[in-house]
Amino acid sequence: MTNPKQNQINTYDAVVIGAGFSGLYMLHLLREAGFTTRVYEKGNGVGGAWYWSRYPGARCDSESIYYNFVFSEELYKEWSWSSRYPEQPEILRYLNFVADRLDLRRDIQFNTEVRSAHYDESINKWHIQLHDGTSISAKYLITGLGCLSVNATNVPNFKGLDQFEGKWYHTGAWPHEKVDLRGKRVGVIGTGSSGIQTIPVIAQEAAHLTVFQRTPQYSLPAGNHPYTTEFIQRTKDNFKEIARQMHESMGGQPGLASDRSALEDTPEQRQKVYEAAWEKGGAAMMFAYNDLLTNEEANETAANFIRSKIGEIVKDPSIAEKLMPTYHFATKRIVMDTNYFETYNRENVTLVDVKNAPIVEITPKGIRTTEEEYELDIIVFATGYDGMTGPLLKIDIRGKEGVSLKEKWDNGAQVNTYLGLATSGFPNMFMVTGPESPSVLGNVPVAIQQHVEWISDCINYLRENEIETMEANVEAEQNWSKHCSELADSTLYTKTDSWYTGANIPGKPRGFLIYLGGYAPYNQMIKDIAKNNYNGFTLTPHKGEIYLN
Ligand code: NAP
């Protein structure tokens, strides 16, 4: 039987994929500017990652007063955060508040997956195919998929998972109803941000928790605390200054940068600086000195400090040793926790080092490593995502001459973008926080706002100047990619295997797809490019003349 929706064609000025921070703001700006805009969202509600990541203990690792939109003073002042690092339900409530307040839902289609987006050069339009067969066409295609998305969760291909008699869940696609852990033997695989947030909470409820750790982490105390009404009022009174500082900082959160090298201080001075940063909590430790990510010796001073803290917190020295990381501090995404290391002092928690004794298979009863079988009722995969390119490459996106993004990027081996916003061969397509933009190395909602505003200004410019298509130039993107790699290679980031480098996904080509030059300089650069009539892009007016920039 043919699906009646299959022949239905709708045309919009812009189609946006995803209704997280990116999609919501993109919709708002384009609609305000008078563009017909439709957002497609796989979930049954707004929120993106915050809609899906409902695992116990999920919370933000940017301070809440900066983890929001600052394009509207009114909006900012109408919302009050409860604490420094709020839990997932509160962030989801915030995004629902934004959607309601800006009346966004009427242009969002929920429960809808975009399967493909193909560019038709004969009419300069994108044809977008939805999971139910519906076809949509749009002049502009904007991806607001996030760098880590539910469509790119990583569940390692362990033998026997299908035979497991218990239940299993991925942290990034957690059930919406409460998972009852009482009396259960729970296994958590993975000790990244998700694992480290969920482990202390699961340990309090489960009968027994077994943590399968491959790489120990430099987790820092979050230093979470409730906000007082007076504090929240002060942030509202200082809205303009807060918004300015967010946009003008290197990572979207003001007040963190140091201008000193760790090696300028004596060991005693460093100890004091690190103690203060540890006490302050959050990301302070990462920014205690300005060379922790570029100088191995400096980095080692911070790494040593954290290892000594782990030794102090964890009572059993053999467990403490297993928990001590050896890679360069902060070259994997920094993790913040609440009572993570303390959790290993509990009697109902076992730590299994799967680097030494790897997981061999999932059995009907649990997990077998090369040394032992662990019987479990529930397995939690806190095993991360195919980040950066994964969310984009999961959709069949084809540009000019039918070339797919997958082919163009050689399945991830040759990712080229211009500014992380666009890629040649894909006219009128824009990526919010795309590969090779500053994206995840900071407080992401700020990176999102900078991109969304740039894209919206750009689309307005195209309309005002009667430009039909806009496309990144090959040379501009090659130079940009080279610049991104050179910057990455001048740091310690590329010396560590992580999801930043693609090393977490077996067979995924390596590459560091995040621009390391900082949010504020990047934002200035893309604004200058816009002012300069979008140099590095080819703009083709309606009449067919071509402006090469
Ligand atoms: P992740 O950082 O990639 O961590 C995945 C964990 O799973 C790692 O410990 C990894 O070990 C382990 N793992 C993967 N495959 C494995 C295998 N086959 N066998 C054993 N262990 C395996 O993923 P995540 O914790 O979901 O975090 C991803 C990112 O999401 C974060 O870096 C952060 O940007 C974001 N996030 C943010 C928040 C927040 O804002 N608070 C919360 C959650 C997530 P290896 O290290 O050895 O690869």
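Cut-offs applied
Residues numbered from 1 in each chain as written. Predicted model: local features only at pLDDT ≥ 70, side-chain atom pairs only at ≥ 80, totals over all residues. Heavy atoms only, no water. 1 Å grid on protein atoms, 1.4 Å probe; cavity = no way out; pocket = protein on both sides within 12 Å on 5 of 7 lines; lining within 4 Å. Points joined across faces, edges and corners; volume = space filled by probe spheres on them. Nonpolar A, V, L, I, M, F, W, Y, C, P; charged D, E, K, R; others polar. Domains from an automatic or database assignment. Core = buried A, V, L, I, M, F, W, Y, C linked by side-chain atoms within 4.5 Å. Buried < 20%, exposed > 50% of the residue type's maximum accessible area, 1.4 Å probe, protein only. Helix = DSSP H or I, 4+ residues; strand = E, 2+ residues; numbered from the N terminus. Contact = heavy atoms within 4.5 Å. Arc of directions from axis to C-beta. pLDDT = per-residue confidence, 0-100. Near = heavy atom within 4 Å. Polar contact = N/O pair within 3.5 Å; in protein donor to acceptor, adjacent residues only side chain to side chain. Areas by Shrake-Rupley, 256 points an atom, 1.4 Å probe, with all protein chains shown as cover. Axes fitted to C-alpha atoms, helices over the stretch in contact; angles between N-to-C directions. Parallel < 35°, antiparallel > 145°, perpendicular 65-115°, else oblique. Phe/Tyr/Trp six-rings, centres within 6.5 Å; stacked < 30°, edge-to-face > 60°. Buried area = accessible area lost by both parts, 1.4 Å probe. Salt bridge = Lys/Arg side-chain N within 4 Å of Asp/Glu carboxyl O. Pairing = 2+ DSSP bridges. Disulfide = S-S within 2.5 Å.

Q: Give a detailed account of the layout of surface pockets, specifying residues and quantitative values.
A: Taken as a whole, the second largest pocket holds about 890 Å³ of empty space. Around the second largest pocket sit 39 residues that line it, and Met250, Met286, Phe287, Leu293 and Tyr493 are the ones nearest its centre. Class assignment of the residues belonging to the lining of the second largest pocket gives a composition of 22 nonpolar, 13 polar and four charged. Each of domain 1 (4-152 + 387-541) and domain 2 (155-217 + 332-384) accounts for three or more of the residues forming the lining of the second largest pocket.

Q: I'd like a description of the nonpolar core, backed by residues and values.
A: Membership of the largest hydrophobic core comes to 89 residues, with the highest contact counts inside it found for Ile128 and Phe329. Ranked by residues supplied to this core, first place goes to helix α9 (residues 296-313) with six residues. Two domains each put at least three residues into this core: domain 1 (4-152 + 387-541) and domain 2 (155-217 + 332-384). Leave out the neighbours within four places in its chain, and Phe329 touches Tyr218, Leu220, Met285, Met286, Leu292, Leu293, Asn299, Ala302, Ala303, Ile306 and Ile334. One finds Val16, Leu24, Tyr67 and Tyr519 within the second-largest nonpolar core, a separate group that totals 73 residues.

Q: Account for helix α6 (residues 229-237), naming residues and giving values.
A: Looking only at α6, the buried set comprises Ile232, Thr235 and Lys236. Along the long axis of α6, the arc covered by the buried residues comes to 100°, so they all point the same way. Every exposed residue of α6 that faces more than 90 degrees away from the buried side is listed here: Glu230 and Asp237. On the buried face of α6, the contacting elements are α3 (73-78) and α7 (239-248).

Q: Could you give an account of the confidence of the model for the protein chain, naming the residues involved and the relevant values?
A: When the pLDDT values of the protein chain are averaged, the result is 96; 97% of them are 70 or greater. Predicted confidence for residues 1-6 stays below pLDDT 50, and this span has eight contacts to residues more than four positions away or in other chains.

Q: Break down the site of the ligand for me, citing the residues and quoting the values.
A: Around the ligand sit 23 residues, and of these Arg59, Ser194, Gln197, Thr215 and Trp499 come closest. Between the ligand and Arg214, the relevant distance is 2.8 Å, taken from an oxygen atom to a side-chain nitrogen or oxygen of the residue. Between the ligand and Thr215, the relevant distance is 2.4 Å, taken from an oxygen atom to a side-chain nitrogen or oxygen of the residue. Protein contacts shield 87% of the accessible area of the ligand, which totals 910 Å² for the unbound molecule. No other element matches the three residues that helix α5 (residues 193-205) contributes to the shell around the ligand. Both domains that meet at the shell around the ligand, namely domain 1 (4-152 + 387-541) and domain 2 (155-217 + 332-384), each give it at least three residues.

Q: Describe in detail the packing of helix α14 (residues 444-464) against helix α16 (residues 519-531), supporting the description with residues and values.
A: The contact between α14 and α16 brings their axes to 11 Å, and the two run at 5°. With respect to α16, the axis of α14 lies roughly parallel. Each of Val444, Val446, Ala447, Gln450, His451 and Trp454 in α14 lies in contact with α16, whose residues at this interface are Tyr519, Tyr522, Asn523, Ile526, Lys527 and Ala530. Counted by class, the contact of α14 with α16 contains eight nonpolar, three polar and one charged residues.

Q: Explain the packing of aromatic side chains residue by residue, including any values.
A: Taken as a whole, this structure holds 40 aromatic pairs when the rule is applied. Judged by centre distance (5.3 Å) and plane angle (85°), the rings of Tyr340 and Tyr344 are edge-to-face. Measuring from centroid to centroid gives 4.7 Å for Trp480 and Tyr515, while their planes differ by 35°, and the two rings are tilted. Remark: Tyr515 occurs in the loop between α15 (474-489) and α16 and Trp480 occurs in helix α15; sequence separation between them is 35 residues.

Q: Explain the domain arrangement of the protein chain to me, using residue names and the numbers behind them.
A: Taken domain by domain, the protein chain consists of domain 1 (4-152 + 387-541) and domain 2 (155-217 + 332-384). The straight-line distance from the C-alpha centre of domain 1 to that of domain 2 is 31 Å. Contact with domain 1, which involves 19 residues of that partner, is made by 17 residues of domain 2. Between domain 1 and domain 2 lies a buried interface of about 1,700 Å² when both sides are counted; carbon and sulfur atoms form 51% of it. At the junction of domain 1 with domain 2, the criterion picks out one salt bridge. Here Asp61 ties to Arg333 by a salt bridge, and the two come within 3.0 Å at their closest N and O atoms. Taken together, the links from domain 1 to domain 2 amount to eight residue pairs in polar contact (both at pLDDT 80 or more).

Q: Requested: an account of the sheet that holds strand β15 (residues 373-375), with residues and values cited.
A: The strand order across the open sheet built from three strands is β13-β14-β15, with neighbouring strands paired in antiparallel fashion. Single-partner strands in this sheet number two, and they are β13 (359-362) and β15. Averaged over all pairs of adjacent strands, the angle between strand axes in this sheet comes to 20°, irrespective of strand direction.

Q: Quick one: what's the story with the side chain of Arg84, residue by residue and with numbers?
A: Checked against the element boundaries, Arg84 lands in the loop between α3 and α4 (88-101). At a separation of 2.9 Å, a polar atom in the side chain of Arg84 contacts the main-chain carbonyl oxygen of Lys280. Ignoring sequence-local partners within four residues, the contact set of Arg84 consists of Ser62, Glu63, Ser64, Ala222, Gly223, Asn224, His225, Tyr227, Lys280, Gly281 and Gly282.

Q: Help me get a handle on the environment of Glu347, residues and values and all.
A: Inspection of the secondary structure assignment puts Glu347 in the loop between α11 (340-343) and β12 (349-353). The exposure class assigned to Glu347 is exposed, which follows from its relative accessible area of 82%. For the pair Glu347 and Ile189, spaced 158 residues apart in sequence, the C-alpha to C-alpha distance is 19 Å.

Q: Explain the sheet that holds strand β8 (residues 185-189) to me, and be specific about the residues and the numbers.
A: Ordered in space as β7-β16-β8-β9-β12, the five strands form an open sheet in which the pairing is parallel. Among the strands making up the open sheet, the edge pair consists of β7 (167-170) and β12. Neighbour-to-neighbour, the strand axes of the sheet open up by a mean angle of 20°, direction not taken into account. Alignment of β8 against strand β9 (residues 208-213), held across five bridges, turns out to be parallel. Following the sheet pairing, Val186 is matched in β9 by Leu209.

Q: Requested: an account of the state of the cysteines, with residues and values cited.
A: Within the structure shown, the criterion is met by zero disulfides. The cysteine Cys458 is free of any disulfide, with Cys484 supplying the nearest cysteine sulfur at 19 Å. Its relative accessible area of 0% is what places Cys458 among the buried residues.

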